[in-house]
Amino acid sequence: MAHKPRWLVLNKIDRLPDEEVDEHCRAIVDELGWTAPVFKIAAINGDGTRELMFAIMNFLEEQRRKDSEQE
C-alpha cells in the first residue's frame, strides 16, 4: 500500500473562517511534508467535492488506459 498513489483530502473546511482555510491547510501540508495532491472539501455543503470527483474519475480513467496498454 505504501507504493500506491495517495491523496490528502482535508474535510470540514466549512468549520473555519474563509480567510483562514488556506493558512490552516498549508500548515497541515507543510507539517506532513506532503507532496501529493491535496483537496480541501466541505462534504456538508459540497465545497470542493466536484473537483475531487473529477480528479478521481480522471485518475481511474488514466489507470484503466495504462492497464490496457500493458496487456
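This structure is a prediction, so every number in the text was calculated from the model and none was measured.

Peer 1: In this structure, what is going on with the pattern of salt bridges? I would like to understand it.
Peer 2: Pairing is possible between side chains that carry opposite charge, provided their charged atoms lie close to one another. Summed over all chains, the structure comprises four salt bridges. Here Arg-26 and Asp-30 are joined by a salt bridge, their closest N and O atoms 3.3 Å apart. Highlighted residues: Arg-26 and Asp-30, both in helix H1 (residues 18-32), separated by four residues, approximately one helical turn. We classify Arg-26 as partly exposed; its relative accessible area is 48%.

Peer 1: Which parts of the structure should I look at to understand H1?
Peer 2: Residues three or four positions apart in an α-helix share a direction because the helix packs 3.6 residues into each turn. Taking 1.5 Å per residue as the helical rise, H1 with its 15 residues ought to reach 21 Å, and the 22 Å between its terminal C-alpha atoms agrees with that figure. Residues of H1 that are buried include every one of Val-21, Cys-25 and Val-29, and no others. Down the axis of H1, the buried side of the element spans an arc of 50°, and every buried residue falls inside it. In H1, the exposed positions that point more than 90 degrees away from the buried face belong to Glu-19, Glu-23 and Glu-31.

About the thresholds
- Residues numbered from 1 in each chain as written.
- Predicted model: local features only at pLDDT ≥ 70, side-chain atom pairs only at ≥ 80, totals over all residues.
- Heavy atoms only, no water.
- Salt bridge = Lys/Arg side-chain N within 4 Å of Asp/Glu carboxyl O.
- Helix = DSSP H or I, 4+ residues; strand = E, 2+ residues; numbered from the N terminus.
- Buried < 20%, exposed > 50% of the residue type's maximum accessible area, 1.4 Å probe, protein only.
- Expected span 1.5 Å × (residues − 1).
- Arc of directions from axis to C-beta.

Purely geometric stuff here, so don't read any function into it on its own.
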